[in-house]
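Chain by chain, the residues:
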Amino acid sequence: MATLGGETILRGYYAGRFRDYNGGQIQAELRQKLIGRVGITGFASSGEVWHSFSDFSLSNVKWTAGGGLCFNLNRKDPMNLRMDLAFGENTSGFYLTLGEAFDRSCDIRSLVLPTRV
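Quick caveat, the model's predicted, so the values are computed rather than measured.

Draft legend 1. Inspection of the environment of D84 at higher detail. Its location among the elements puts D84 in strand 6 (residues 77-88). Each residue touching D84, except ones within four places of it in the same chain, is listed here: R11, T41, F43, G67, G68, G93, F94 and Y95.

Here you go:
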């Protein structure tokens, strides 16, 4: 079962808000160190779920965008305490999370905006 929403993708919708047999989503996140171990982030994501491929339509795509602050707990490890605020269509969400929004294997921050000088 494919789901959208929660603390990792389509933040702003509650976990599992949208679900069906098939799904697709895309997310971009930019992170920037501010001062010391404090940083900011901005993100946007969109996605859709559908029963069968004949039901897929781009007119139903859901979207969210938001930003947040993060505090690095250990200088030698990228473990962050994050506070994110996200907005979608007629919805919003506040997230206090330990760790990153998505796995480092999918993390493109070094290609977009390096956090270390």
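On we go from here.
Draft legend 2. The arrangement of the sheet that holds strand 6 in detail. Ordered in space as 3-4-5-6-7, the 5 strands form an open sheet in which the pairing is antiparallel. At either end of the open sheet lies a strand with only one pairing partner, and these are strand 3 (22-35) and strand 7 (91-98). Looking at each pair of strands side by side, their axes are set apart by 20 degrees on average, direction ignored. Taken together, the 10 bridges between strand 5 (residues 62-74) and strand 6 define a ladder with antiparallel strand orientation.

Draft legend 3. Quick look at the environment of T8. Within the secondary structure, T8 sits in the loop between strand 1 (2-4) and strand 2 (18-20). A relative accessible area of 39% places T8 in the partly exposed class. Sequence separation of T8 and T97 is 89 residues, and the distance between their C-alpha atoms is 9.9 Å.

About the criteria used
- Residues numbered from 1 in each chain as written.
- Predicted model: local features only at pLDDT ≥ 70, side-chain atom pairs only at ≥ 80, totals over all residues.
- Heavy atoms only, no water.
- Helix = DSSP H or I, 4+ residues; strand = E, 2+ residues; numbered from the N terminus.
- Contact = heavy atoms within 4.5 Å.
- Pairing = 2+ DSSP bridges.
- Axes fitted to C-alpha atoms, helices over the stretch in contact; angles between N-to-C directions.
- Buried < 20%, exposed > 50% of the residue type's maximum accessible area, 1.4 Å probe, protein only.

Interpretation in functional terms is not warranted from these geometric data alone.
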